[in-house]
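Below, each chain spelled out in residue letters.
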Amino acid sequence: MNLIEELKWRGMIQDIMPGTEQQLDKLRLNGEITSGYIGFDPTADSLHIGSLVPILLLVHLQRAGHKPVALVGGATGMVGDPSGKSEERNLLSEEVLNHNLAGVKRQLEKYLDFSPNMPNGALIVNNYDWFRNMTFLDFIRDIGKHITVNYMSSKDSVKKRLEGENGMSFTEFTYQLVQGYDFYWLYANKNCKLQMGGSDQWGNITTGTELIRRKSGGEAFAFTCPLLTKADGGKFGKTEKGNIWLDPEKTSPYLFYQFWLNASDTDAEKWIKIFTFLDRAEIEILIDQHRENPGTRVLQKRLAREITVFVHGESEFEQVLSTTEKLFGQSSGKTAITLDDILQLPGVAQFPISGSRIEDGIDFPGLLYESGSFSSKGEARKMILQGGLSMNGSKLEDASKRVSKSDFVENLSQFQKGKKTYFLIKAFDTIEEFDAEISLKKPSGKIGSPSISPSADGQMGAIVTISGIWDQDALDWSIRESANTASYFEFTYLPNDRLTFYLQIIVDSKDGSASREKWIRFEPSYSKTDTYDLNIDQHEMAYVNKVVRENSFEKSIVDISKAVSETFGQGGWIYNKALSFRVRGQGSIKRVLFGI
């Protein structure tokens, strides 16, 4: 089989431009190597398994003797592709974009051979390199005049948006021209004659081939792969916990392996052709064996092995296999897994809880919700009542039962959800322990310097601008010098789960001989506040789980003068205008303001 025949057999081609197969066959006929490219969108600092098909297309292209080109969209990432989208997406800042580009480049370099001495060595390019010095007038004069508005409007991705409620911005409308110019630039400068991509990219890709034809009289080629779906109708690459990432820090190799191992029989038969390099004869044998005895799951096991080795390497796969045998060996009569076993296993989630909540006598649904291991108390209660949850090897049966210290060994409690999922809940006694556990990683965005300037309502205030999304990070920021007139605390945030704000208030005695300080916690509902006295031992801050209900920024304002009065009373304490701000959890903050 030639390359196109093999890709068709594997189910990796949906649309193909006439002449593409003949162009690739020139390698056999006269030794001509064809350069082909795929674009990768840097919306995150890691690719997920939805990007594996285009990566594998580039690998197949290189194995067939041709030259793969991976384009990372430093320029197009600032615009946003409207294909398959119902509304315009948020644009990335240059700093976040550069961070994402670096992460995507590192991953692509793992899967392709970039040896410079190879005639078909892979190449990575960034379209920002050829767009950064191009002016708007240059673009509309040299590029825009070659493609008519009628031609652009005929594309399905444009039609759907124009017919929808939200319409389409000029920025998005021009995206296909920008991507089309990518293809033209690579054709003119790198002799790249082929573009590949997902089937939703067909309109943008053909704009590129048309631009090449009209601007230079050249001929270029293209094919697309189908967008994958699961047999149950679910979205490929998504689980109840979110995307399956290629970065082991975002999705552990163990969870990555489990995703493929849990594939349905129908999906496994389709995916083993797409996501492995096994030849046709071996795949057909595996499918026959599986159909004879589906219970052995021979197809899923081989699929999971091949793709885990490809993405994470042989040694990680061996560790994953050891993990899996320990976790699921109980069903075959092996000794039950212990807490020590779980602590040595990679990919087992740990969730934090404030030690004071255990002392308060929180019930188990509350423990599971506030730790973040369940999205709601109702979900946790239902799981307990259905007999699907065990703690420390014993089945939980009473949803009203209170948690006690005896349920924790060295501050850890072991849980099993169903037959396949283990997780731990860890209790923290101090802020220092909590901070050490989550390593105080910096958010991906930029934290602005404090400054005194007018707020939206014209009042003076110290403003901190924070852009970025972080997961289980902590941020401390102090404004003791510039907030000496502050009397309110305002934050604009994107509602998300596991996001909690804290404000440290310091007061002095009237005679100046003593001072007191407390942390005040503000949950997203802000219907109440909890205080933490830093002069006593139990001052840890709870890790609060909050379910996402909407995707829009909200604003909350805390009256500091009122909070001081409620927290310290009127017993001779004076607010000394010193504030510290802390945010914990997972979410996105737009702005923090301390004002008068």
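Structure's up top.
The rules behind these values
- Residues numbered from 1 in each chain as written.
- Predicted model: local features only at pLDDT ≥ 70, side-chain atom pairs only at ≥ 80, totals over all residues.
- Heavy atoms only, no water.
- Buried < 20%, exposed > 50% of the residue type's maximum accessible area, 1.4 Å probe, protein only.
- Helix = DSSP H or I, 4+ residues; strand = E, 2+ residues; numbered from the N terminus.
- Contact = heavy atoms within 4.5 Å.
- Patch = residues over 30% accessible without salt bridge, like charges linked within 9 Å, V, L, I, M, F, W, Y side chains within 5 Å.
- Areas by Shrake-Rupley, 256 points an atom, 1.4 Å probe, with all protein chains shown as cover.
- Salt bridge = Lys/Arg side-chain N within 4 Å of Asp/Glu carboxyl O.
- Pairing = 2+ DSSP bridges.
- Axes fitted to C-alpha atoms, helices over the stretch in contact; angles between N-to-C directions.
- Parallel < 35°, antiparallel > 145°, perpendicular 65-115°, else oblique.
- Left-handed = near helix turned anticlockwise from the far one by under 90°.
- Nonpolar A, V, L, I, M, F, W, Y, C, P; charged D, E, K, R; others polar.
- Expected span 1.5 Å × (residues − 1).
- Arc of directions from axis to C-beta.

Enquirer: Just checking my understanding: could you explain helix α13 (residues 265–274) for this structure?
Expert: Since one α-helical turn is 3.6 residues long, residues separated by three or four positions face the same way. Here α13 has its buried residues at Asp267, Ala268, Glu269, Trp271, Ile272 and Ile274. Looking at the packing, one finds that the buried side of α13 touches α3 (52–63), α12 (253–261), α14 (280–292) and α15 (298–312).

Enquirer: Looking at this structure, how should I read the side chain of serine 199?
Expert: Its location among the elements puts serine 199 in the loop between β5 (192–198) and α11 (202–216). Not counting residues up to four positions away in its chain, the partners in contact with serine 199 are Gln14, Asp15, Thr224, Cys225, Pro226 and Leu227.

Enquirer: Hey, could you run me through a nonpolar patch on the surface in this one?
Expert: A cluster of nonpolar side chains, namely Phe136, Leu137, Ile140 and Phe170, defines an oily patch on the protein surface of about 460 Å² accessible area. Per-element accounting of the nonpolar patch gives the leading share, 3 residues, to helix α6 (residues 136–142). Among the residues examined, phenylalanine 170 registers a relative accessible area of 55% and is labelled exposed.

Enquirer: Where do I start with the sheet that holds strand β4 (residues 123–126) in this structure?
Expert: Paired through their backbone hydrogen bonds, the strands of a sheet run either parallel or antiparallel. On the basis of which strands lie adjacent, the open sheet formed by 6 strands has the order β1-β6-β5-β2-β3-β4 and mixed pairing. Sheet topology places β1 (15–16) and β4 at the edges, where each strand pairs with a single neighbour. Across 5 bridges, β5 lies against strand β6 (residues 221–225) in parallel orientation. The partner of glutamine 195 across the bridge, within β6, is alanine 222. With respect to the sheet, helix α10 (residues 175–190) is in contact with β2 (35–40), β3 (67–72), β4, β5 and β6, its orientation differing from that of β5 by roughly 150°. In the packing of α11 onto the sheet, contacts are made with β1, β5 and β6, and the angle to β6 comes to roughly 175°.

Enquirer: It is not clear to me how the packing of α10 against α11 should be interpreted in this structure. Could you clarify?
Expert: The packing of two helices is summarised by the inter-axis angle and the distance between the axes. One can describe the packing of α10 onto α11 by two numbers: an axis separation of 8 Å at closest approach and a directional angle of 55°. With respect to their mutual orientation, α10 and α11 come out oblique. Handedness of the crossing formed by α10 with α11: right-handed. Residue-level contacts link Tyr175, Gln176, Gln179, Gly180, Tyr181, Phe183, Tyr184 and Tyr187 of α10 to Asn204, Ile205, Thr207, Gly208, Thr209, Leu211, Ile212, Lys215 and Ser216 of α11. When its residues are assigned to classes, the contact of α10 with α11 shows 8 nonpolar, 8 polar and 1 charged.

Enquirer: Looking at this structure, how should I read α14?
Expert: Between the first and last C-alpha of α14 there are 19 Å, a value that for 13 residues agrees with the 18 Å anticipated at 1.5 Å per step. Within α14, the full set of buried residues consists of Ile283, Leu286, Ile287 and His290. Viewed along the axis of α14, the buried residues span an arc of 100°, placing them on a single side of the element. The inward-facing, buried residues of α14 abut α1 (3–9), α13 and α15.

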